[in-house]
Amino acid sequence: MIRRPPRSTPKPSSAASDVYKRQAHTTHTIAVFHPRCALPRTHRAQIVVSMAKPNPGRLKSSFPAVASLVKRSTLVTVCAFCAACVACWYIRTALSESPVRDNNAARSSRFNCGVRQAQLLSVDGNPWLFHSGDAITSTVKAKGTFEPAIGNLIRRQLSIADGMMVDIGANVGVMTSVALSLGREVVAVEALPDNANLLRCSADHNGWATLLKLHNTPLADPASKSERFCVCRPIGNPSDGILVPFTQFADHPFCGGGQRKTKGATGHCAEEMKSITLDEILGSGSNPIAFMKMDIEGNECRVLKGAAATLRGGNPCTILTEYNPGLQQYTNCTLIDMIDHMKLLGYLPHTFQRQGCSLKELTSVQAGKMSAPGSVHNICWKPLLVPKHCVKKAS
C-alpha cells in the first residue's frame, strides 16, 4: 500500500493573492424598482447600484477593512432603494397632475374669468367651474350633481323635441351643461358677472363655446325696462343674487343697506345694471325652443310679461319656472296673476314632481297652498296647442 505524503498548504503567490482579492470583491449590478411603481414606458428609470458580495468570514480574518466596506455598501444600497421610491412617486405624480392643472389655467386665463376663488368639479360627468364656498358647490362636491330631477326633465324634453334650450337665471350653468353635453344650442341669461364668467370658461373648457350664446344682463317687463336694478347678494353664497329695482333698494329687506357704497348714501348700490326684455334677446321669429328654464329669485312674473312675442304661438315646448312667494311679493305679482297672464299666451300650469311635469293642470287649491310664505316650488307650463317641433317624427 502506497502512502501519499500529507498535503502541505502552500503559501499563495503574489499572483494568486491578486486573484483571491478580485474574487472577494466581485461586484454585481442590481436594477432597483419600486414594486408598486408603474411609470409610463417613456419615463421608466433604472437606478443601478453596485453591491459587493464577498465572503464575510474569510474577509473578517484576512481583510478587516473590506468587512467595514461591506457594511457601508449595504447602507448605500438601502439608501439608493429609498431614493428610487421617492423619485418614482414624484415623477408619477408630476406626470399625472401637472398637465391638467396647466391646461385648466390656460383655458381659464384665455377668457379672464375674473373670479379669484373657483373650483373645477365634475357635475354629471362634465368638468365645470364653481365658486369656492358656495351652496351649489357643496352639493356638487357631495353628490356629483345638482337638482337631478330638473336635469332629467331637460334630457327627456330634448330627446322628444327639436330646438334649443333657453336658460334664464343660468347661475354658473349647471342646467346649461346638460343641454350642451347633448349637442344642443343654449341661450343663457345670467345677470351676475362672476357667474357668467365661470359659465363661459366652463363651456370653452369642454369645447362647447360655439353652442352657447350668453347674455350678461338682467331681464324685466316692458314697463320697467328702462329702470336700473341693484344686485343684493346673500352672505356666504356668492353665486346667488337678487335683482331689486333701484327705487326699492334702500328699503328692501333682502338688501339691508349692506350693498351701499357708503353708510350714509341712501339709494346707492354697489352693482347697478340696466335691463332688457326677453323678446329683445330672442326676437319674435326666434328659433324653435325645446325647453325654457327660469329661476331668477322672484322676478319670473316680470320677465314673462316681457316675453309675450316669444311665448305667443307656443314656441317653447315646456317652460319650468321657480315660484318663491317670499320674493315675488315685492314685484306685486301673485301666482294667480302669473297664471292669468300665461293663459292669455296659451300656456297652462302643471305641478312639477321628481318624475317630471304632471299631466294634470294645477288647480286653484294647489295654487293657494303654494303661496304660503317660506315655500319654494317649480311650475311647469305647457302650451294648449303643441307646436310641430315639440314632437319628433319616428324615424
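We now turn to the structure provided with this report. Note that this is a predicted model, so its numbers are computed, not measured. Along each chain, the written sequence defines residue order, and numbers are assigned to residues from 1. A pLDDT threshold of at least 70 governs which residues receive local features in this predicted model, and a stricter bar of 80 or more applies before side-chain atom pairs are shown or counted, although totals over entire chains, interfaces and linings include all residues. Excluding hydrogens and water, the side-chain values take into account all heavy atoms of the structure.

### Things to note about the sheet that holds strand β14 (residues 356-361)
Thinking step 1. Any two strands with at least two DSSP bridges between them are considered paired. Helix and strand labels come from DSSP, where a helix needs a run of H or I of at least four residues and a strand needs a run of E of at least two; each type is numbered from the N terminus. Here we have 8 strands laid out as an open sheet, ordered β7-β6-β5-β11-β12-β15-β13-β14, and mixed in their pairing. Among the strands making up the open sheet, the edge pair consists of β7 (212-215) and β14. The sheet shows a mean angle of 25° between the axes of neighbouring strands, taken without regard to direction.
Thinking step 2. In this structure, strand β13 (residues 347-353) lies alongside β14, joined through 3 bridges in antiparallel fashion. Each residue of the ladder has a partner; that of Phe352, found in β14, is Cys357.
Thinking step 3. Residue contacts follow a heavy-atom distance rule, with two residues in contact if any of their heavy atoms lie within 4.5 Å. Where helices are involved, their axes are fitted lines through C-alpha atoms of the stretch in contact, as for all axes, and angles between N-to-C directions lie from 0 to 180°. Contacting β5 (164-168), β11 (289-294), β12 (319-323), β13, β14 and β15 (377-383), helix α5 (residues 148-160) runs over the sheet at an angle of about 165° to β11.
Thinking step 4. Running over the sheet, helix α7 (residues 193-205) touches β6 (186-189) and β7 and is turned about 170° from β7.

### Notes on the environment of Trp208
Thinking step 1. Along the chain, Trp208 turns up in the loop between α7 and β7.
Thinking step 2. As for Trp208 and Ser181, which are separated by 27 residues in sequence, their C-alpha atoms are 8.0 Å apart.
Thinking step 3. With residues near it in sequence (within four places) discarded, Trp208 still touches Asn126, Trp128, Ser177, Leu180, Ser181 and Ala203.

### Looking at the pattern of salt bridges
Thinking step 1. The salt bridge criterion pairs a side-chain nitrogen of Lys or Arg with a carboxyl oxygen of Asp or Glu, the two atoms within 4 Å. The tally for this structure, following the rule as stated, stands at 4 salt bridges.
Thinking step 2. A salt bridge links Asp167 to Lys293, with the nearest nitrogen and oxygen atoms 2.8 Å apart. Pair noted here: Asp167 is in strand β5 and Lys293 is in strand β11, with a separation of 126 residues, a long-range link.
Thinking step 3. The classification of residues rests on relative accessible area computed with a 1.4 Å probe and restricted to protein chains. Under 20% of the type maximum is buried, over 50% is exposed, and intermediate values are partly exposed. On the basis of relative accessible area, Asp167 is assigned to the buried category, the value being 0%.

### Considering the state of the cysteines
Thinking step 1. Our working definition of a disulfide is a cysteine sulfur pair at a distance within 2.5 Å. What the rule picks out here adds up to 3 disulfides.
Thinking step 2. Shown here is the disulfide that connects Cys301 with Cys333, its sulfur atoms set 1.8 Å apart. Handedness here is read from the sign of the S-S torsion; for Cys301 and Cys333, about 60°, the answer is right-handed. You can see Cys301 sitting in helix α9 (residues 300-305) and its partner Cys333 sitting in the loop between α11 (325-328) and α12 (335-344), a full 32 residues away along the chain.
Thinking step 3. Judged by its relative accessible area of 3%, Cys301 is buried.

### Side note on the environment of Leu158
Thinking step 1. Among the secondary structure elements, Leu158 is positioned in helix α5.
Thinking step 2. With residues up to four places along the chain from it excluded, the contact list for Leu158 reads Ala179, Leu182, Arg184, Ala290 and Lys392.

### Some words on unusual backbone geometry
Working note: non-glycine residues mostly have negative phi, and peptide bonds are mostly trans.
Thinking step 1. Residue Asp124 is not a glycine yet carries a positive backbone phi of 55°.
Thinking step 2. Within the secondary structure layout, Asp124 lies in the loop between β3 (118-123) and β4 (126-131).
Thinking step 3. You can call Asp124 partly exposed: its relative accessible area is 33%.
Thinking step 4. Residue Glu147 is not a glycine yet carries a positive backbone phi of 45°.

### Examining α5
Note on helix geometry: an α-helix contains 3.6 residues per turn, so any two residues three or four positions apart are oriented the same way.
Thinking step 1. A helix is expected to span 1.5 Å for every residue after the first. Here α5 spans 19 Å end to end across 13 residues, near enough to the 18 Å set by a 1.5 Å rise per residue.
Thinking step 2. The set of residues buried in α5 consists of Ala149, Ile150, Gly151, Leu153, Ile154, Gln157 and Leu158.

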